[in-house]
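Summary of the model geometry
As a plain string of letters, each chain reads:
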Amino acid sequence: MAITDLMEELPMVQGRSRPIRILNRLTVVTSDASHFRPNSAEYRRFDLLAVQPTSEKLFHAACLVYDIDIICIPVTEKHPFFFKRAPVNGAVDRGVVFEVSYSAAIRDSTMRRYTITNAVCLMEVCRGKNVVVSSAAETFLDLRGPYDVTNLGLLFGLSDTDSKEAISSTCRSAVLHAETRKTANGVIYTFKRTVESLDQEEEEQHQHHQESADSEAPTAKRTKAE
């Protein structure tokens, strides 16, 4: 279902004069290496690319080889293997994030146990780095507010700071990673420029232009004299 089927116009971002941006995503559940086809034209239609590996070998490949943005951690069953620090650190260094969803834990007590167990095992290895907490909601009743999700992150083994980042800055990092993935070795670097820095830059440019004009003045006089 397209977003236009639900609403005619997208709501505006609070404090800005532009509508919210809707991203689409593809999640590939891989039980064999052939299931992931990075050169497929279908993959290019999606803004975010996620993989849910079902074996340790495929998990290593997703962490170290696959050109993806998100690695999904299963929450409906016990994780079939142990997380190892080398591939997890490799994924963190590459900017790939790990996703833990919470809606299954709300619907069923057994899935709640699997979700918490798998998430805690991951946090013991990655130490809360590059983790996002999402809903994976099937209905609007499964959705929770940001403060509730932050508290759920504490149950998953995240610290208070990491839990807040899991629903804010880490999500933004995943989107930036997806944008750079579509380019050949692309890099996007963002920073906030203060008013003082802008004034200083303008002053330096004005001084540079003044020095250039002063250096060219004698030459102009000599040309006129000749």
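Everything discussed here concerns the structure shown above.
Here's a quick rundown of the structure. (Residues numbered from 1 in each chain as written. Predicted model: local features only at pLDDT ≥ 70, side-chain atom pairs only at ≥ 80, totals over all residues. Heavy atoms only, no water.)

1. Points about the overall build of the protein
We count it as follows: By the criteria applied, helices consist of DSSP H or I runs no shorter than four residues and strands consist of E runs no shorter than two, each listed in order from the N terminus. Summary of the burial criterion: residues with accessible area below 20% of their type's maximum are buried, those above 50% are exposed, and those between are partly exposed, where the area comes from a 1.4 Å probe applied to protein chains only. Contacts between residues were defined by any pair of non-hydrogen atoms, one from each residue, lying within 4.5 Å.
Summing up its helical and strand segments, the protein has eight helices and five strands in all. Going from N to C terminus, the protein has its helices and strands arranged as β-β-α-β-α-β-α-α-β-α-α-α-α. Across the 226 residues of the protein, 32% fall into the buried class. Nonlocal contacts in the protein, meaning residues at least 24 apart in sequence, comprise 61% of its contacts between residues at least 6 apart.

2. What about the side chain of Ser-163?
Inspection of the secondary structure puts Ser-163 in helix α6 (residues 160-165). Judged by its relative accessible area of 1%, Ser-163 is buried. With near-sequence residues (within four places) excluded, Ser-163 lies in contact with Val-149, Thr-150, Gly-153, Leu-154 and Leu-158.

3. Side note on the pattern of salt bridges
As a reminder of what qualifies: Any Lys or Arg side-chain nitrogen located within 4 Å of an Asp or Glu carboxyl oxygen qualifies as a salt bridge.
All chains considered together, the criterion is met by five salt bridges. Across the pair Lys-84 and Glu-56 runs a salt bridge, and its minimum N-O distance is 3.1 Å. Of the two residues, Lys-84 is situated in the loop between β3 (70-72) and α2 (85-94) and Glu-56 in helix α1 (residues 56-64); the sequence distance between them amounts to 28 residues. Residue Lys-84 is classed as partly exposed on the basis of its relative accessible area, which comes to 45%. Overlapping salt bridges, with partners in common, bring together Arg-107, Glu-138 and Asp-142 in one network.

4. Concerning the nonpolar core
Note that soluble globular proteins tend to have their nonpolar side chains buried in a common cluster. Defined as follows: Residues enter a nonpolar core if they are buried and are Ala, Val, Leu, Ile, Met, Phe, Trp, Tyr or Cys, with the set joined through side-chain atoms within 4.5 Å.
Counting residues in each nonpolar core, the largest one holds 35 residues, and the members touching the most others are Phe-59, Tyr-66, Ile-68, Ile-71, Phe-98 and Leu-122. Those elements that provide at least two residues to this core are β1 (25-30), β2 (48-53), α1, α2, β4 (97-101), α4 (109-126) and β5 (131-134). When residues no more than four places from it in sequence are discounted, the contact partners of Tyr-66 are Ala-33, Phe-36, Val-51, Leu-58, Ala-61 and Arg-94. Counting residues in hydrophobic clusters, the runner-up holds six residues, among them Ala-50, Ile-70, Val-97 and Val-132.

5. A word on the pairing of β5
The criterion, for reference: In this scheme, strands are said to pair when DSSP sees at least two bridges between them.
Burial along β5 is two-sided: Val-131 and Val-133 and Val-132 and Ser-134, pointing in opposite directions, are all buried. Across four bridges, the pairing between β4 and β5 is parallel. In the sheet register, Ser-101 faces β5, and the bridge partner there is Ser-134.

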